[in-house]
Amino acid sequence: MNDNLLTFFIEVTAIAVVIQAGILVGLFIAMRKSTAKMEALATEVTTKTLPTVETLQAMLVELRPRIEVISVNFEESSNMVRNQLARVDATLTDVLDRTRLQVIRADELLNRTMDKVEETSEAVQKTVISPLRQVTGLMTAISTGVEVFFGQKRRQPKNGSGVPQDEMFI
C-alpha cells in the first residue's frame, strides 16, 4: 500500500505541476496580449499628445517674456495707483481739515456777531429808548398838566368811549 500511495501522490503532484504550467502559459499569453495593447496605446498617446505638448512648450517659451512684461507692468500700475490713492487721501484729509477750520471760524464769527447785536441792542435800549421814553413821559406829563391847568381837556372816562357814563344809560 505504500507503493500505491506513493504513486498516487506522485501522480497528484504531476497533475498539479501540469495545471500550474498551464496557468503560467495562460498568464504569459494574457500578458503578451496586454503588453501589445499597452504598447499600441503608448504609441497612440505619444503620436497624439507629444505634438500637443511640444506646441504648448513652444507657446510657453514664446509667451514667457510677454507674461513677465505684463507682470512688471501690472506691478508698476498698482504702485502708481497706490501712490495716487495716497495723494487723494492726503488731499481729501487736507480739504476736510480746512473745511472744519472754516466751519469753526464761521461759527465763531456768527457768535461774535450775535454778541455784538445783543450788546448793540442793549446799548440802544439804555442810551436811546430809555431816555426817549422818559422824555416822552415827561412831555406827556407836561402837556397834560398844561391842558388841565388851562382847562382845555375834559376828563375822559376810562372805558375809552368818549361818552360820559351817565349818558350810557337811557
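In this report, we go over the structure that sits alongside the text. Note that residues are indexed from 1 along each chain, following the sequence as it is written. Totals for whole chains, interfaces and linings use every residue, but because this is a predicted model, local features are given only for residues with pLDDT of at least 70 and side-chain atom pairs only at 80 or more, for both listing and counting. Derived side-chain values reflect all non-hydrogen atoms in the structure, with water molecules and hydrogen atoms excluded from consideration.

Remarks on the overall build of the protein
(1) Moving on: Regarding its fold elements, the protein presents two helices and zero strands.
(2) Moving on: Relative accessibility decides the category of a residue: with a 1.4 Å probe and only protein chains considered, values under 20% of the type maximum give buried, values over 50% give exposed, and everything between is partly exposed. Looking at the 170 residues of the protein, the share that counts as buried comes to 0%.
(3) Moving on: By element, 65% of the accessible surface of the protein is carried by carbon and sulfur atoms, the whole surface being about 16000 Å². Labels follow the DSSP assignment, with helices taken as runs of H or I lasting at least four residues and strands as runs of E lasting at least two, numbered in each case from the N terminus. Here the Shrake-Rupley method, with its probe set to 1.4 Å, supplies the accessible areas, and only the displayed protein chains count as covering residues.

Digging into the pattern of salt bridges
(1) Moving on: When a carboxyl oxygen of Asp or Glu lies within 4 Å of a side-chain nitrogen of Lys or Arg, that pair is called a salt bridge. Within the structure shown, the criterion is met by four salt bridges.
(2) Moving on: Arginine 98 serves as the salt-bridge partner of aspartate 94, at 3.3 Å between the closest nitrogen and oxygen. Of the two residues, aspartate 94 and arginine 98 are both situated in helix H1 (residues 2-150); the distance of four residues between them amounts to about one turn of the helix.
(3) Moving on: Measuring nitrogen to oxygen at the nearest pair gives 3.2 Å for the salt bridge that ties aspartate 97 to arginine 100.

Details of H1
(1) Moving on: Expected span, for any helix, means 1.5 Å times one less than how many residues it has. In this model, H1 (149 residues) spans only 186 Å end to end at C-alpha, well below the 222 Å of a helix rising 1.5 Å per residue.
(2) Moving on: The angle between axes fitted to the seven-residue stretch ending at a residue and the seven-residue stretch beginning at it gives the bend at that residue. The sharpest bend along H1 measures roughly 40 degrees and falls at leucine 63, with the proline proline 65 sitting one to four residues further on.
(3) Moving on: A positive phi of about 70 degrees marks glycine 151, the residue just after H1.

Observations regarding the packing of aromatic side chains
(1) Moving on: Centres within 6.5 Å are what make two rings of Phe, Tyr or Trp a pair, Trp counting through its six-membered ring; a difference in plane orientation under 30 degrees is then read as stacked, over 60 as edge-to-face, and the rest as tilted. Here the structure, examined in full by the defined rule, presents two aromatic pairs.
(2) Moving on: Centroid distance phenylalanine 149 to phenylalanine 150: 5.1 Å. Interplanar angle 75 degrees. Geometry classified as edge-to-face.
(3) Moving on: A residue is classified by how much of its surface remains accessible, and phenylalanine 149, at 67% relative accessible area, is exposed.
(4) Moving on: On the basis of relative accessibility, which here comes to 58%, the residue phenylalanine 150 falls in the exposed class.

Thoughts on a nonpolar patch on the surface
(1) Moving on: Judged by side-chain polarity, Val135, Leu138, Met139, Ile142, Val146, Phe149 and Phe150 come together as a nonpolar surface patch covering roughly 760 Å² of accessible area.
(2) Moving on: Take isoleucine 142: it is sitting in helix H1. Within the patch definition used here, like charges are joined within 9 Å and nonpolar side chains (Val, Leu, Ile, Met, Phe, Trp, Tyr) within 5 Å, considering only residues with over 30% relative accessible area and no salt bridge.

What about a negative patch on the surface?
(1) Moving on: Positive charge is attributed to Lys and Arg, negative charge to Asp and Glu, and no charge count is given to His or to the chain ends. Lysine's charge is taken at NZ, arginine's at CZ, aspartate's at CG and glutamate's at CD. Taken together, the side chains of Asp115, Glu118, Glu119 and Glu122 present a region of like negative charge at the surface.
(2) Moving on: Tracing the backbone through its elements, the reader meets glutamate 119 in helix H1.

Scope: geometric values only; no functional claims are made or implied.
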